[in-house]
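# Survey of secondary and tertiary structure
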Amino acid sequence: MAEMKDILTGLDRYEAFLVKLDKEISRMDDYRIGIIYTDIKHFKYINDTYGYQRGDMLLREFVNQVNDIDNKILCAARVYSDNIVVATRIENDLSNSEFRDIIYERNMIIENVLRESYLDRKLTLNTGISIISKDDRRLDAATAVSNANLARKLAKEMKDDCCVLFDAKMVEGIKKEVEITSSLPIALENSEFKVYYQPKIETKARKLIGAEALVRWQKPDGRFVMPNDFIPFIEQSGQVVDLDYFVYREVFKFIAKRIENGEPVVPVSVNVSRVHLNRMGILDYVTALFEEYKIPPQYVEFELTESIYIDDTEKALKLVEGLHAMGVKVSMDDFGSGYSSLNLLSDLPIDTIKLDKVFLKEASASEGRMKENDKIIISCMVDMAKRLQITSLCEGVETPEQSSYLSEIGCEIQQGYYFSRPITQSEFEDFIDNNINSYQEEQKLMVM
Ligand code: C2E
Ligand code: CA
Ligand code: CA
């Protein structure tokens, strides 16, 4: 018969644990079962730095501590490496979140003991918890453990929270991610992505001075998926690079076509995902596009979000310099939305800042009136940009009041629904051709 116990820790082997847990679930009575799935962060690093012997000792002590503290253990196993799963009884007087808090405290205690006895550095445990109640008695042990494991993976991604309760929505999230990442290559091949253009207006001369390219995903059934609903997923998988390249190519093609036809052209800005920072192939790709389409560099601009500059200022600087070397302009997108570090502006050769739409959001909620504090902040930022000889643009302008206030304080380049929603390429061509004195009333009707 196969060995039932794990030699290193004395716990059950995982297969034996699942058999026991299935039994426990089926005979569960007036209590719940909590599955606690834990691993030690950077355990591999500990093994590599301190040696396997120390790693093994640490793991044994970890299991001792778990045994000491969780006195209602029904069964426990080492799944593999440093992944330990424990099933305990939860009495009815304890709520799920109280149970989570207990495990959180347990983790703090174990972390301290382990650090004091074995290491001179901080050590973190990541834990996911799934809870089975009498109503879920049809749930099998393997699914319950995999739910807890999924919560653990999310715990790992969080900065502060090392202990996460499973929630059925998490499965939906993962399903969605798999669905999106697996359908992206086909969607690109089937031309399901479309580039929309949102005009940028210079308010003094009431003139169209450029546009931002924004991607839209139109599924075969006609449904539109907006970027915020799929870009975060394809950023994780790195696929956003292909999508960005697609958008850049479409924009180059569009500008080249207009130039060739002798039609008027305005500069179009494109978005740069943070993922490019780690690859840098973007500079070669853009150089190749300029060679292929032979358009003057002033017709394409690049928008990098403020957070990209903060994540890795050095790489961002390289990217900006590389783009500048081609003669294209670069702007800092979403300025003021995060932990903006104002001194970034003096370190980075930025051409434009795009003031984030959060400053105007509150105003839209209160019938167009801007909050006094937001007004002060915006006007200071515009002033500062001016002194640094950086152009400022405000995005998310939705009302005439906002627009005239911004113009008054010297922010004359604006973008937002007040002028136009993002529109299709052919609508945008009409927009350019009708340029532009009577844009206001007409364009408000151009709703996507
Ligand atoms: P963003 O770069 O900040 O783009 C501006 C967003 O604000 C767009 O949302 C635009 O439709 C929306 N917007 C414009 N005017 C107004 C307004 O007056 N009021 C309000 N409430 N919203 C307004 P969208 O198109 O849904 O894009 C969302 C985000 O997705 C973009 O934010 C950008 O970060 C990203 N994104 C869009 N297209 C691309 C792309 O081709 N590549 C990459 N990497 N990211 C993209
Ligand atoms: Ca943008
Ligand atoms: Ca923005």
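Residues numbered from 1 in each chain as written. Chains lettered and ligands numbered in written order. Predicted model: local features only at pLDDT ≥ 70, side-chain atom pairs only at ≥ 80, totals over all residues. Heavy atoms only, no water.

Another point: the overall build of the protein chain. Within the protein chain one finds 17 helices and 15 strands. Against the globule reference of 22 Å for 448 residues, the protein chain gives a C-alpha radius of gyration of 28 Å, more extended than a compact globule. Expressed along its principal axes, the backbone C-alpha trace of the protein chain runs to roughly 80 × 50 × 50 Å. Contacts spanning at least 24 positions in sequence make up 68% of the contacts within the protein chain whose residues lie at least 6 apart. In the protein chain, 56 positive and 76 negative side-chain charges are present, and the distance between their average locations comes to 2 Å. (Helix = DSSP H or I, 4+ residues; strand = E, 2+ residues; numbered from the N terminus. Rg over C-alpha atoms; globule rule 2.2 N^0.38 Å. Contact = heavy atoms within 4.5 Å. Lys, Arg positive; Asp, Glu negative; His and termini not counted. Charge placed at Lys NZ, Arg CZ, Asp CG, Glu CD.)

With that out of the way, let us pick up the pairing of strand β3 (residues 73–80). Bridge count for strand β1 (residues 12–13) against β3 is two bridges, and the pairing is parallel. Across the sheet, R13 pairs through a bridge with R78, a residue of β3. Where β3 lies against strand β4 (residues 83–90), six bridges are found, and the strand directions are antiparallel. Each bridged residue has a counterpart across the sheet, and for I73 the counterpart in β4 is T88. Taking the residues between adjacent antiparallel strands as the criterion, β3 and β4 are bridged by two residues, where S81 takes a positive phi near 40°. (Pairing = 2+ DSSP bridges.)

Donor atoms from the polypeptide that bind the calcium ion (ligand 2) are E212 (OE), N271 (OD1), E303 (OE) and D333 (OD), placed at 2.1 to 2.3 Å. Coordination of the calcium ion (ligand 2) draws on donor residues from a single chain, spaced E-x58-N-x31-E-x29-D in sequence. The metal-metal distance between the calcium ion (ligand 2) and the calcium ion (ligand 3) is 4.1 Å, with D333 serving as a donor to both. With E212 in strand β8 (residues 207–218) and N271 in strand β10 (residues 268–272), this residue pair connects regions lying 59 residues apart in the sequence. Of the residues examined, E212 reaches a relative accessible area of 5% and is grouped as buried. Using a relative accessible area of 24% as the deciding quantity, one classes N271 as partly exposed. (Donors = N, O, S within 2.8 Å, 3.2 Å for Na, K, Ca; no water. Buried < 20%, exposed > 50% of the residue type's maximum accessible area, 1.4 Å probe, protein only.)

Protein-derived ligands of the calcium ion (ligand 3) are D333 (OD), D334 (OD), E395 (OE) and E395 (OE), with the metal-ligand distances lying across 2.2 to 2.5 Å. Sequence spacing of the donors to the calcium ion (ligand 3): D-D-x60-E.

Right, let's talk about unusual backbone geometry for a bit. Phi angles above zero are rare outside glycine, and S81 is one such case at about 40°. Here S81 lies in the loop between β3 and β4. Even without being a glycine, D334 presents a positive backbone phi close to 55°. Here D334 shows up in strand β12 (residues 329–335).

For the rest of this paragraph, the subject is helix α2 (residues 43–50). Burial in α2 covers these residues: F43, I46 and N47. Projected down its long axis, α2 carries its buried residues within an arc of 100°, all on one side. (Arc of directions from axis to C-beta.)

Another point: the packing of aromatic side chains. Summed over all chains, the structure comprises 14 aromatic pairs. Taking the centre distance of 4.9 Å and the plane angle of 75° together, the rings of F252 and F290 count as edge-to-face. Taken together, the residues F252 in helix α8 (residues 240–260) and F290 in helix α9 (residues 281–293) connect sequence positions 38 residues apart. Considering the side-chain rings of F252 and Y293, the 6.3 Å spacing of their centres and the 50° angle between planes classify their relative orientation as tilted. In this pair, F252 sits in helix α8 while Y293 sits in helix α9, placing the two residues 41 residues apart along the sequence. No difference in accessibility class separates F252 from Y293, as the two residues are buried. Put simply, the rings of Y245, Y248, Y285 and F302 pair up and form one aromatic cluster. Here the basic side chain of R89 rests over the ring of Y31, its NZ or CZ set 4.1 Å away from the ring centre. Above the face of the W217 ring, K219 is positioned so that its terminal group lies 4.8 Å from the ring centre. (Phe/Tyr/Trp six-rings, centres within 6.5 Å; stacked < 30°, edge-to-face > 60°. Lys NZ or Arg CZ within 6 Å of the ring centre and 35° of its normal.)

Below, the discussion takes up the site of ligand 1. In the region of ligand 1, 23 residues are neighbours, and Q198, R216, D244, E398 and Y417 sit closest. In this structure, D334 approaches ligand 1 through a side-chain N or O atom, which is 3.2 Å from an oxygen atom. Of all the secondary-structure elements, those providing two or more residues to the shell around ligand 1 are β8, α7 (227–236), α8 and β12. Per element, the largest residue contribution to the shell around ligand 1 is four residues, and it comes from β8. For the shell around ligand 1, the per-class residue count stands at nine nonpolar, six polar and eight charged. (Near = heavy atom within 4 Å. Polar contact = N/O pair within 3.5 Å; in protein donor to acceptor, adjacent residues only side chain to side chain. Nonpolar A, V, L, I, M, F, W, Y, C, P; charged D, E, K, R; others polar.)

Our focus in this paragraph is the packing of α8 against α9. Packed helix pairs are characterised by how far apart their axes lie and by the angle those axes make with each other. Interaxial distance between α8 and α9 falls to 10 Å at its minimum, and their mutual angle equals 20°. With respect to α9, the axis of α8 lies roughly parallel. Classified by chirality, the crossing of α9 by α8 is right-handed. Of the residues in α9, those in contact with Y245, Y248, R249, F252, K253 and A256 of α8 are G281, I282, Y285, V286, L289, F290, E292 and Y293. (Axes fitted to C-alpha atoms, helices over the stretch in contact; angles between N-to-C directions. Parallel < 35°, antiparallel > 145°, perpendicular 65-115°, else oblique. Left-handed = near helix turned anticlockwise from the far one by under 90°.)

Within the largest apolar cluster, 81 residues are counted, with the highest numbers of intra-cluster contacts made by F230, Y248, F302, Y309 and F428. The leading source of residues in this core is α8, at 11 residues. Residues within four places of F302 in sequence aside, it is in contact with Y248, V270, V272, V286, L323, V328, K329, V330 and S331. Of all hydrophobic cores here, the second largest spans 24 residues; its members include F43, F99, I110 and C162. (Core = buried A, V, L, I, M, F, W, Y, C linked by side-chain atoms within 4.5 Å.)

The next subject is the pattern of salt bridges. Within this structure, the stated rule accounts for 26 salt bridges. With its nearest N and O atoms 4.0 Å apart, the salt bridge here joins E395 to K354. Remark: K354 occurs in strand β13 (residues 352–355) and E395 occurs in the loop between β14 (391–394) and α15 (400–408); sequence separation between them is 41 residues. In terms of burial, E395 and K354 fall into one category: buried. One network of salt bridges, with partners in common, ties together K200, E212, E303, K354, K357 and E395. (Salt bridge = Lys/Arg side-chain N within 4 Å of Asp/Glu carboxyl O.)

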